[in-house]
Amino acid sequence: MKRLLWLVPLAVAAWLLPYGLGGYAIHVADVAIIFAILAIGLGLTMGVAGQINLAQVAFFGVGAYAVAILTTKAGFGFWTAAALALLVAVVFGMLVGIPALRMQSHYLGIVTLGLALAFTNWVTNAHIAGRAEGISDIPVPPMFGIDLSSGYLFYYVELVVFAIALAFALLVTRSPLGRRLRAMRDDDLAAGSLGAEIPLLRMTAFVLSGLYGGLAGILYAGLIRFVAPESFNIANMFLLLAMVIIGGRSSIIGCVVGAVALSLVREALLDASGYAQLGYGLVVVLVVVFAPQGLAGLPGQIRSLLRRRAGGSRAQLGPFRPYGAAPASSREAALEVREVTKRFKGLVALDRVSLTVPTGEIRGIVGPNGSGKTTLFNVISGFYDPTQGSVALGGRDVTGMAPYRLSLRGVARTFQNLRLFEDLSVRENILLGLDRTRTSWIWRYPGLPWKVLDYERSLHRRGEELIERFGLTDVAGAGPRSLPYGVQRRIELARAMAMSPTLLLLDEPAAGLNGEEVRQLAEIVRSIRDSGVTVIVIEHNMGLVMSLCDQVTVLSSGKVIADGRPAEVAVHPDVVAAYLGDSMSAPTEATAEAAAEEATR
Ligand SMILES: Nc1ncnc2c1ncn2[C@@H]1O[C@H](COP(=O)(O)OP(=O)(O)OP(=O)(O)O)[C@@H](O)[C@H]1O
């Protein structure tokens, strides 16, 4: 919060601004604030949540037209109409959000653009919306006898609404919800496996968009007191997009700066509006190519350039601090996979696979490439529904449960190809794992914002503890992309443990690690097991499997061909035969003996 102190002098300056401005200039300032609110809404949906939304201008129009229709045709007072208009805009946001549940990226862009065009078409042709002439005579908003027909006094109403809207957007982006939205933008599958309810989050993004669009529309109706289709057309949508892209779409402050700057430029270029459109287009292209994070991203870009010039970061991975041992728990099954078959069209990736993993065990899953190991993990963690068969966790059937539900029931996983959120820092990756709340918790954002801040503080406290335990203190503020592979693997493991799992699934955790890193990995996984967590590990490094695992299950062509203690499995004739057909070396008796020796050391 201290980082936001620089907003105070700006707020004072904004409050004093009307004293130095003429009538027309204050009108320009009034319009700029409306665009700033719109841009915050677009920044939240597109920049933070990654949902392409070309309907923001329609939300704006819905808010303004709803006030116009409700006041002039239905006889409502301005503020009652405003409250209803906000509701209508939010509902409209939800409707536009429905396609986002099924489609993403450019498809979503086309659908939202279509809906925005449909809105302009409707207001141009509907009698109730005044057709092309629009609706005039919207009443002046009453306010305890203050004359809000004055652009000066209306400025203060706008300023207060804007301050609240900005504070709320900053609360959202700098707290667990914003982090989840950004994680969803980076990789929705990984976010789902960490407990994010993706459909609800996408809907939340569009609700926020509708809310900010509606709010801006209400202020517009109160300020101009006239609505017509051209104020909400596609040209304005593109202007809004330019504001957000130039300012920095994932930064709320950047969106505001972009909106204010372009509103002023637009005013200055009013007489050359044709060239101005061309100019905006050119600047947007330049920004996308040279400063993808917009103006708000420039300081960070310069900092990382200077760091690279200075020879990069010398951050070190610290030692792992082991977990305390948990008292021996019952040997009841942590996981039971019964007769699971998974078919992909004609291909049978898993063929009636059954396995039982007792609590507190390290189970190895090995097998030649393409034998179905990752598919088995995907079924256990809810990424795939099995074609047949069932999965039970701690005796409870969880077949077909969504990844976020399984994550909340204690299943955590890592991925073969590392799925860290690249645009989030290491610390934020870990905080995501620690956050175990459901999306329905978000009513606290408007209702009890201080509870959100308390929760965020407690997440940070626990986050620092975990960061220190996994030796990540030096790299906590860095982006994962900039770090060596071994460190990234450690971060993914820490993030999975942040979820306090009862079942931890590790997909090839030693891939790409050097000898010392593999040794450290074995030490960490043993400590995790000793703390009472059941671990299942897919691994091609046979030395590690033999020394680490209590039991090993071998898959070949989607079938379980052996199951038992590592040394027994390694010499099983079917296993030797399966591995001889693979490029990888077979686990021989010699490997088993060497590994057993290491295990007893
Ligand atoms: N989503 C999918 N669609 C179609 N086929 C798939 C899909 N996922 C996996 N498969 C196929 O299922 C089979 C098993 O794949 P899987 O990734 O589970 O093997 P694996 O044992 O993990 O292999 P590796 O050791 O190479 O990671 C492969 O033939 C693969 O091509």
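Position numbers for residues count from 1 along each chain, tracking the sequence in the order it is written. Residue-level local features of this predicted model are given only where pLDDT is at least 70; pairs of side-chain atoms are given and counted only at 80 or more, and the full residue set underlies all totals for whole chains, interfaces and linings.

A.B. asks: Can you tell me about helix 4 (residues 78-97), naming the residues and giving the values?
C.D. replies: Between its first and last C-alpha atoms helix 4 spans 28 Å; for 20 residues at 1.5 Å apiece the expected length is 28 Å, and the two agree. Residues of helix 4 that are buried: F78, A81, A82, A85, L86, V88, A89, V90, F92, G93, V96 and G97. Contacts here follow a simple rule: the backbone-placed C-beta atoms of the two residues must lie within 7 Å. Strands are runs of DSSP state E lasting at least 2 residues, helices are runs of H or I lasting at least 4, and numbering of each runs from the N terminus. In this fold, the buried residues of helix 4 make contact with helix 3 (56-72), helix 5 (105-125) and helix 9 (198-224). Here the expected length of a helix is defined as 1.5 Å per residue gap, with one fewer gap than residues. Exposure classes come from backbone-placed C-beta atoms, where a residue is buried if 20 or more other C-beta atoms lie within 10 Å of its own, exposed if 12 or fewer do, and partly exposed in between.

A.B. asks: Before we move on, can you summarise the domain arrangement of the protein chain with the specific residues and values?
C.D. replies: Where each domain starts and ends follows an automatic or database-derived domain assignment. If you check the domain split of the protein chain, you get domain 1 (22-233) and domain 2 (333-600). Domain 1 and domain 2 are separated by 43 Å when their C-alpha centres are compared. At the interface, 22 residues of domain 1 touch 29 residues of domain 2. Listing elements by their share of the side of domain 1 that touches domain 2, those giving two or more residues are helix 6 (151-173), helix 7 (176-186), helix 8 (188-193) and helix 9. Here the side of domain 1 that touches domain 2 takes seven residues from helix 7, the largest share from any one element.

A.B. asks: Please provide a residue-by-residue account of the site of the ligand, values included.
C.D. replies: Think of it this way: take the backbone, place a C-beta atom on it, and check whether that atom is within 6 Å of the molecule or strand, in which case the residue is near it. Every residue close to the ligand is listed here: F344, L347, A349, G367, N369, G370, S371, G372, K373, T374, T375 and Q416. For the shell around the ligand, the secondary structure elements donating two or more residues are strand 2 (347-358) and helix 14 (373-380). Across the shell around the ligand, the residue classes break down as three nonpolar, eight polar and one charged. Gly is put with the polar residues, along with every residue not named as nonpolar or charged; the nonpolar set is Ala, Val, Leu, Ile, Met, Phe, Trp, Tyr, Cys and Pro, and the charged set is Asp, Glu, Lys and Arg.

A.B. asks: I'd like a description of the UniProt feature "transmembrane region" (unreviewed entry) in the protein chain, backed by residues and values.
C.D. replies: UniProt positions are given in the numbering used here, feature names are shortened, and annotations may be inferred rather than shown by experiment. UniProt's feature table lists "transmembrane region" (unreviewed entry) at residues 32-50, 57-76, 82-101, 108-132, 152-172, 205-228, 234-265 and 277-298, given in the numbering used throughout. Summarising residues 108-132: 72% helix, 0% strand, and an end-to-end C-alpha distance of 28 Å.

A.B. asks: Lay out the nonpolar core in plain terms, naming residues and giving numbers.
C.D. replies: The term nonpolar core refers to a set of buried Ala, Val, Leu, Ile, Met, Phe, Trp, Tyr and Cys residues connected through C-beta atoms within 7 Å. With 172 residues, the main nonpolar core has I37, A39, I40 and V67 as its most contacted residues. Counting residues per element, this core draws most heavily on helix 9, which supplies 15 residues. In this structure, this core is formed jointly by two domains, domain 1 (22-233) and domain 2 (333-600), each of which donates at least three residues. If sequence neighbours within four positions are ignored, V67 has contacts with A81, A82, A85, I138, I218 and A221.

A.B. asks: Give a description of the sheet that holds strand 10 (residues 559-564) that names residues and reports values.
C.D. replies: Reading across from one edge, 6-7-8-3-9-10 is the order of the six strands in this open sheet, with mixed pairing throughout. Because the sheet does not close on itself, it has two edges, and the strands there are strand 6 (411-413) and strand 10. Strand-to-strand twist of the sheet, defined as the mean angle between neighbouring strand axes without regard to direction, takes the value 20°. Two strands make a pair as long as DSSP finds a minimum of two bridges between them. Across five bridges, the pairing between strand 9 (residues 551-556) and strand 10 is antiparallel. By the bridge assignment for strand 10, L555 is matched with V560. Lines fitted to C-alpha atoms define the axes here, with helix axes fitted over just the stretch in contact, and angles between the N-to-C directions of these axes take values from 0 to 180 degrees. Across the sheet, helix 20 (residues 515-530) lies against strand 3 (362-366), strand 7 (503-507) and strand 8 (534-538), angled at about 150° from strand 8, the strand it touches most.

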